[in-house]
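# Chain and residue survey
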Amino acid sequence: MDERVEALAERDGWQAEGFAARVHYQGGSDYYSIEFYAPSECVLYWKVKGDGETAVPVGRSTVPDPLRERIRQDLAEAGVDPEVESQSL
């Protein structure tokens, strides 16, 4: 397992899964799953539908700024360059 993934897994709510780390957040009535992939150093945002089973990838421009800032903070505290959060895929 990648040391950055391990460091994220120590943060509140984050879970490690191989070379990826995932966290879930609620923003108002919206639910998000956020994933950091170590090999490609990228962050993906998924909007989770009400059934909790279906998720669709969403663009960063649709994600609330406070949530994006929280993700950048978590990345920085885990030793990951927070700029990877804004990297286009």
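This part takes up the pattern of salt bridges. Inspection of the entire model under this criterion finds 11 salt bridges. For E77, the salt bridge is made with R11, and the minimal N-O distance between the two is 2.7 Å. In this pair, E77 is assigned in helix α2 (residues 65-77) and R11 in the loop between α1 (3-9) and β1 (15-17), connecting sequence segments 66 residues apart. Residue R22 is joined to E17 by a salt bridge in which the shortest nitrogen-to-oxygen separation is 2.7 Å. Take R22: its relative accessible area is 23%, and that puts it in the partly exposed class. Several salt bridges share partner residues, and in doing so they unite R11, R70, D74 and E77 into one network.

Of the pairings in the sheet, the one linking strand β2 (residues 20-27) to strand β3 (residues 30-37) comprises 8 bridges and is antiparallel in character. Residue pairing across strands places A20 opposite Y37, the latter belonging to β3. Joining the antiparallel neighbours β2 and β3 is a turn of 2 residues, in which G28 adopts a positive phi near 65°. Relative to strand β4 (residues 42-48), β3 runs antiparallel, the two being bridged by 7 bridges. In the strand pairing of β4, Y32 is matched with K47. Hairpin connection between β3 and β4: a loop of 4 residues separates the two successive antiparallel strands, and E41 in this loop has a positive phi of roughly 45°.

Basis of the calculations
Residues numbered from 1 in each chain as written. Predicted model: local features only at pLDDT ≥ 70, side-chain atom pairs only at ≥ 80, totals over all residues. Heavy atoms only, no water. Salt bridge = Lys/Arg side-chain N within 4 Å of Asp/Glu carboxyl O. Helix = DSSP H or I, 4+ residues; strand = E, 2+ residues; numbered from the N terminus. Buried < 20%, exposed > 50% of the residue type's maximum accessible area, 1.4 Å probe, protein only. Pairing = 2+ DSSP bridges.

By themselves, these observations are geometric and do not establish any function.
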